[in-house]
Amino acid sequence: MQQLPNLSTLNPTQRDALILDLWAMVQTLTAQNNELQARLNLNSRNSSKPPSSDGLNKPQPKSLRKAGQRPVGGQKGHKGHTRIP
């Protein structure tokens, strides 16, 4: 990596060229960063990667079953019983 030149010795044209070069570098690095972040966000559900490549960050499985319309539990007033060990 090059050292930053003494800015007080540069003429305005050289300063403008340096600023444009730095701006181009920033744009390039920003684009690369965005691409790498997009790659990191891929998993087996939103790409063609196999599920084994998800590692420990596996997405939670989603159930395709709908919730039932009946309430859970037994009938009202029915005394339940449990197994005594």
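Below: a short report on this structure. (Residues numbered from 1 in each chain as written. Predicted model: local features only at pLDDT ≥ 70, side-chain atom pairs only at ≥ 80, totals over all residues. Heavy atoms only, no water.)

Here's the deal with the overall build of the protein
For step 1, the next point in the chain: Looking only at helices and strands, one finds 1 helix and 0 strands in the protein.
For step 2, the next point in the chain: A principal-axis box enclosing the C-alpha atoms of the protein has dimensions of 95 × 30 × 30 Å.
For step 3, the next point in the chain: Looking at the protein as a whole, 5% of its 85 residues are labelled buried. (Helix = DSSP H or I, 4+ residues; strand = E, 2+ residues; numbered from the N terminus. Buried < 20%, exposed > 50% of the residue type's maximum accessible area, 1.4 Å probe, protein only.)

Some details on the side chain of Ser44
For step 1, the next point in the chain: As for its placement among the helices and strands, Ser44 is situated in the segment after α1 (12-40).
For step 2, the next point in the chain: Among the polar contacts listed, one links the side chain of Ser44 to the side chain of Asp54, at a separation of 2.7 Å. (Polar contact = N/O pair within 3.5 Å; in protein donor to acceptor, adjacent residues only side chain to side chain.)

Describing the pattern of salt bridges
For step 1, the next point in the chain: A full pass over the atoms with the stated rule returns 1 salt bridge.
For step 2, the next point in the chain: With its nearest N and O atoms 3.5 Å apart, the salt bridge here joins Glu35 to Arg39. Taken together, the positions of Glu35 and Arg39, both in helix α1 and 4 residues apart, correspond to about one turn of that helix.
For step 3, the next point in the chain: The class of Glu35 is partly exposed, set by a relative accessible area of 46%. (Salt bridge = Lys/Arg side-chain N within 4 Å of Asp/Glu carboxyl O.)

So, the environment of Leu42
For step 1, the next point in the chain: Within the secondary structure, Leu42 sits in the segment after α1.
For step 2, the next point in the chain: Look at Leu42 and you get partly exposed, because its relative accessible area is 36%.
For step 3, the next point in the chain: In the structure, Leu42 is positioned 12 residues away from Asp54 in sequence and 8.9 Å away in space, judged by C-alpha atoms.
For step 4, the next point in the chain: Excluding residues within four positions of it along the chain, Leu42 makes contact with Ser47 and Lys49. (Contact = heavy atoms within 4.5 Å.)

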